[in-house]
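Single-letter residue listing:
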Amino acid sequence: MPKFDVAKDDLERLIGKSFTVEEWEDLFLYAKCELDDIWEENGKIYFKADAKDTNRPDLWSAEGIARQIKWALGMKKGLPKYQVEKSDIVVYVDEKLKDIRPYGVYAVVENVKLDEEAFKQLIQLQEKIALTFGRKRREVAIGTFDFDKLKPPFYYKAVEPEKIKFIPLNCEEEMTADEILEKHEKGQEYGHLIKGRPYYPLLVDSEGNVLSMPPVINSETHGKVTEKTRNIFIDITGWHLDKIMLALNVLVTALAERGGKIKSVKVVYKDFEIETPDLTPKEFEVELSYIKKLAGVGLSDEQIKELLERMFYEVELKDGKAKLKYPAFRDDIMHARDVLEDVLIAYGYNEIEPEEPKLAVQGKGDDFIEFENAVRELMIGFGLQEVMTFNLTNKEAQFTKMNIPEEEIVEIENPISLRWSALRKWLLPSLMEFLSLNTHEEYPQKIFEVGKATLIDETKETKTVSESKLAVAIAHPRVTFTEVKEILDSVMYHLGIKYELEETEHGSFIPGRVGKIIVKGKEIGIIGEIHPQVLENWGIEMPVAAFEIFLKPLYKPSS
Amino acid sequence: MELSYQEKLTLIKLKDLRRVKFEDLVKETELDQVAVMRAVLWLQSKGLAKLHEKQKKIVKLTETGKRYAEIGLPERRALKLLVERGKVVLDELREVLSDDELKPIVGILRKEGWATVRKEDKKLVLEVTEKGKKALILERPIDKVLKILAEKGEVEAKEIEGLISLNELKRRKIAEEELKTEREVEITEEGLKLAEKGLELKEEISILTPELIKSGKWRSVEFKRFNIKAPVKRIYPGKKQPYRAFLDKIRRKLIEMGFIEMTAESLIETQFWNFDALFQPQNHPARDWTDTYQLKYPKYGFLPEEELVERVKASHEHGWITGSRGWGYKWDPRMAMMLMPRAHGTALSARQLAKDIQIPGKYFAIQRVFRPDVLDRTHLIEFNQVEGFVIGEDLTFKHLLGILKRFATEVAGAKKVKFLPDYYPFTEPSVQMSAKHPELGWVEFGGAGVFREEMTKPLGIDVPVIAWGIGIDRLAMFKLGIDDIRYLFSYDLKWLREAKIIW
């Protein structure tokens, strides 16, 4: 889902080896990415990677991809090791943030060399994590700062909006919190996440300088990261500690891949303290037989171990089980299945010979659909053109334009367009729309559709039922009731169904030329000449005769 | 030389007439005009006759001109009144002139010198001159031309050009000119020789009637030779909608491949079956307001039996007995009850798995699904999805690839396939397949995965289930020869009439 750009040179510098563009296409697969696009810019080759796994943010940057490929190719194996040095930096978290944005985790990465590509990757990774993994900053918002410009300790505070005033990123003037929410581009985009709360979250240093107003915007004047920045302070806020800690782990280890030194920060909450980041490996255990059976490619225990080591696992084989340790920048192992997928990706999907399962089963089409198809064949025999129209429509088309009173039908709460805001309860309006779009085309026009009409039925699980219907419309200068009745009559004859027509009134049809279609005493449809008012509503200057019937009552299972 | 009845008859007439106006030839032969023309053209192509064509300019009266011929030109009518009364106020002329004619009349009378004009009491007064009185019996060129045209109907322009300028007639909208082709037919030397040798005229017929057959008269007639190469009008039969025909074909293929068809009672689905039963967490971005339709009416449906709901809930919250840690959040039954138009066919697979199914078994559905999108060249708001699953005790990942590959060869006619890791919330491992279509090149053609146990176990399934879906839209567009996806649901009758059949 997330797509991001990486430079070929940068990737190869991180891996320490060069590849051809064709080789890269396959290498991306190890990182669960698809190579979406390749282009050249300033003499450099760039790739657009399309990351498939929304639960693997560690793979959404050049550093992450390079790390995965180094391991997958066996250049390194087992758990990636990172040193975390304790620092004396402290962040105090205000308990008043409990219902606003309760958690923050922090780290410092020293000695980072941010050249142009590294800088781009850092910004891009933050953006992608906050957007996709962080649900548009709601669950994860990230700030990075030039640590050398700041004076610890830091305070993550809840502050009344009216007391907040600082120069936000990319601005020259001081703004109040509400001015930022109203006028600043990021304020407009993310302001809704804090707006209306009694306090806004604010990150300040010991001198009271505002670093950031999470999750909206950083300060322009205090700690802005540039390509010259060497020591980076990272601030991640959100609603769930485990989620923001994972994001922090992804970020610090990505920077460590470029030679950064990770230093931890003490975070002090009212009732507890934590030291972040925590890169302690996580543990999991799988049955080897489970992996072997479902993979189906004849793997040995040793092979599984070797493949898993190429996917960052430390593996201990014991009693038919694999005891696994996996790095703290991953959090996607919920089930043995997730481990199985890693085994198979390391093995290479395209190294596996596909094999069709041999199952003694017989195919069968649904009987009623067979019946619908037989009806369609019959209609084509009358020389009618089949059409396929949308179920989505609107009340105006279903009722107003058809000159009948409005009823309750299935309606969509959040339609993209009002034109597609309801599900049709009958098909003739769709056929009228079709005719209205073809008034320039040669007549006679004879069309039909076998399609669904969705009706309210309070007894059903979905409160609705979509019934199969046949609708026919004929338009030409001399069309009359008789012409469509001939078709209806022939349909009924060929299906072996006895029917009757009963005079009725219906706003869509000309009085005296409309009838209910009755089968076994039950009304199953309507037939008639379309009322000129309806024709006028649709902009059709040609007489139309039509009918519409439910197909279920005509269906007898074929023997 | 083989000659048709019409050709023979025409040639016989031409033998006496030698060179004749086409219209006269038609009268002579007593055939219809088209038949004679066809005969003449055939005779010409055989070197027996020659068609001379000459274009000439003719002049004929307009509707106004015809009226003037009947009631007199406006100035004539005015003059008559003037002579009778000697002197008139302009308005009096309304007795004989229409409004249109009144406006230019003063100018015409003055120019002709038939009347003097002055103002008296702010009114225009016209008085007839001597010249005017004499003019009553004098014929001007325009009067003469009007008479000629009225008598003959139309004349060649050069006949009247000496009398009057055509422009004047046109300006006064009395007459118009027209280009007309005059045709004459002349027999050639060769034609004459042939005709003089004598031609046997046997009656020629174009339509074999029941009478001819009954009476046996067909023996003594000759059948007119038809130009079988002549173009005919294209007629359009009743046909299947092309995209539906394409879907029908895929349906047949799947049944042939051993799949059982699944159907749904409604196009509307509860979020429970669309998402929750598929182990898609309730805070998943795909379930956001912007990515999932919600209903205004009816808003909520019912959940299935309680035990099933409890199992799904447990699976989401902590993994239940599936060996998973679950998503770790509080599952909300109210959200699961929300109704929506079905967003993917997998919802049907989940329903089917919860019902009685055959194990091993193969299932499929071609299902109409809905996504909140804007309708344009590349996006549909509702479309058809081809999805299903294969269930069996001993299924493995190899089989998953095998099934996908079979689809690629059977449905897309692909020779080569490529597999890529992919991600779906309800399958693990997951695969995307690209197939090399003979003409389209590499096309993303489908996806598959093994349903997660967190999904299958709560539905009561303990064996591997391979879920698959095939992406048919690009293939359908290629088959239908379209580059605008909206044509899959075409509202364009001309296009439907002209579409080639899909089989």
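Fair warning: this is a prediction, and the values are worked out from it, not measured in the lab. (Residues numbered from 1 in each chain as written. Chains lettered and ligands numbered in written order. Predicted model: local features only at pLDDT ≥ 70, side-chain atom pairs only at ≥ 80, totals over all residues.)

## Structural notes on the sheet that holds strand S5 (residues 123–128) of chain B
Residue and element names in this part refer to chain B.
Part 1 of the reasoning: Strand order in the open sheet made by the three strands is S3-S5-S4, with antiparallel pairing throughout. At either margin of the open sheet sits one strand with a lone partner, and together these are strand S3 (87–89) and strand S4 (115–120). Neighbour to neighbour, the strand axes of the sheet diverge by 25° on average, direction disregarded.
Part 2 of the reasoning: Bridge count for S4 against S5 is six bridges, and the pairing is antiparallel. Looking at S5, one finds that Val-117 is bridged to Leu-126. (Pairing = 2+ DSSP bridges. Helix = DSSP H or I, 4+ residues; strand = E, 2+ residues; numbered from the N terminus. Axes fitted to C-alpha atoms, helices over the stretch in contact; angles between N-to-C directions.)

## A few points about the sheet that holds strand S2 (residues 49–61) of chain B
Residues and elements named next belong to chain B.
Part 1 of the reasoning: Taken together, four strands build an open sheet; the order of strands is S1-S7-S2-S6 and the sheet is antiparallel. Among the strands making up the open sheet, the edge pair consists of strand S1 (19–21) and strand S6 (154–156). In this sheet, adjacent strand axes meet at a mean angle of 40° when their direction is disregarded.
Part 2 of the reasoning: The pairing of S2 with S6 spans three bridges and is classified as antiparallel. Of the residues in S6, the one forming a bridge with Ile-58 is Glu-156.
Part 3 of the reasoning: Each of S1 and strand S7 (175–187) touches helix H2 (residues 22–29); the most contacted strand, S1, lies at about 95° to it. (Contact = placed C-beta atoms within 7 Å.)

## Topic: unusual backbone geometry
Part 1 of the reasoning: Here the residue pair Tyr-297 of chain B and Pro-298 of chain B is connected by a cis peptide bond, since its omega of -15° sits within 30 degrees of zero.
Part 2 of the reasoning: Tracing the backbone shows Pro-298 of chain B in the loop between strand S12 (295–297) and helix H15 (306–318).
Part 3 of the reasoning: Here the amide bond leading from Glu-428 of chain B into Pro-429 of chain B is cis, since omega sits at -5°, within 30 degrees of zero.
Part 4 of the reasoning: Notably, Asn-42 of chain A is not glycine yet its phi reads approximately 50°, a positive angle.
Part 5 of the reasoning: As for its position among the elements, Asn-42 of chain A is in the loop between strand S2 (33–41) and strand S3 (44–51).
Part 6 of the reasoning: A tally of 6 C-beta atoms within 10 Å means that Asn-42 of chain A is categorised as exposed.
Part 7 of the reasoning: The phi angle at Asn-403 of chain A is positive, at roughly 65°, despite the residue not being glycine.
Part 8 of the reasoning: As for its placement among the helices and strands, Asn-403 of chain A is situated in the loop between helix H12 (395–400) and strand S21 (411–412). (Buried ≥ 20, exposed ≤ 12 C-beta atoms within 10 Å, placed from the backbone.)

## Observations concerning the environment of Phe-259 of chain B
Part 1 of the reasoning: Its place among the elements puts Phe-259 of chain B in the loop between helix H13 (242–256) and strand S10 (260–261).
Part 2 of the reasoning: Residue Phe-259 of chain B is classed as buried on the basis of its 23 C-beta neighbours within 10 Å.

## Comments concerning the nonpolar core
Part 1 of the reasoning: Core analysis: the biggest nonpolar cluster contains 222 residues, and Ala-247, Val-472, Ala-473, Val-544 and Ala-546 of chain A together with Ile-466 of chain B have the highest contact counts within it.
Part 2 of the reasoning: Sort the elements by how many residues they give to this core and helix H7 (residues 241–257) of chain A lands first, with 11 residues.
Part 3 of the reasoning: Excluding residues within four positions of it along the chain, Val-472 of chain A makes contact with Leu-384, Phe-448, Val-484, Ile-487, Ala-546 and Phe-547 of chain A.
Part 4 of the reasoning: Counting 20 residues, the second largest nonpolar core, distinct from the first, contains Leu-267, Met-338, Met-340 and Val-369 of chain B. (Core = buried A, V, L, I, M, F, W, Y, C linked by C-beta atoms within 7 Å.)

## Looking at the interface of chain A and chain B
Interface size is often expressed as the accessible area that is lost when the parts come together.
Part 1 of the reasoning: Taken residue by residue, the interface counts 75 residues in chain A and 83 residues in chain B.
Part 2 of the reasoning: At the level of elements, helix H8 (288–295), helix H10 (336–347), helix H11 (367–381), strand S19 (385–386), S21, strand S23 (445–456) and strand S24 (464–475) of chain A are the ones that each hand at least two residues to the side of chain A that touches chain B.
Part 3 of the reasoning: For the side of chain A that touches chain B, a count of residues per class yields 32 nonpolar, 20 polar and 23 charged.
Part 4 of the reasoning: Bridging between S21 of chain A and S12 of chain B involves two bridges; their strand directions are antiparallel. Looking at S12 of chain B, one finds that Ile-412 of chain A is bridged to Leu-295 of chain B. (Nonpolar A, V, L, I, M, F, W, Y, C, P; charged D, E, K, R; others polar.)

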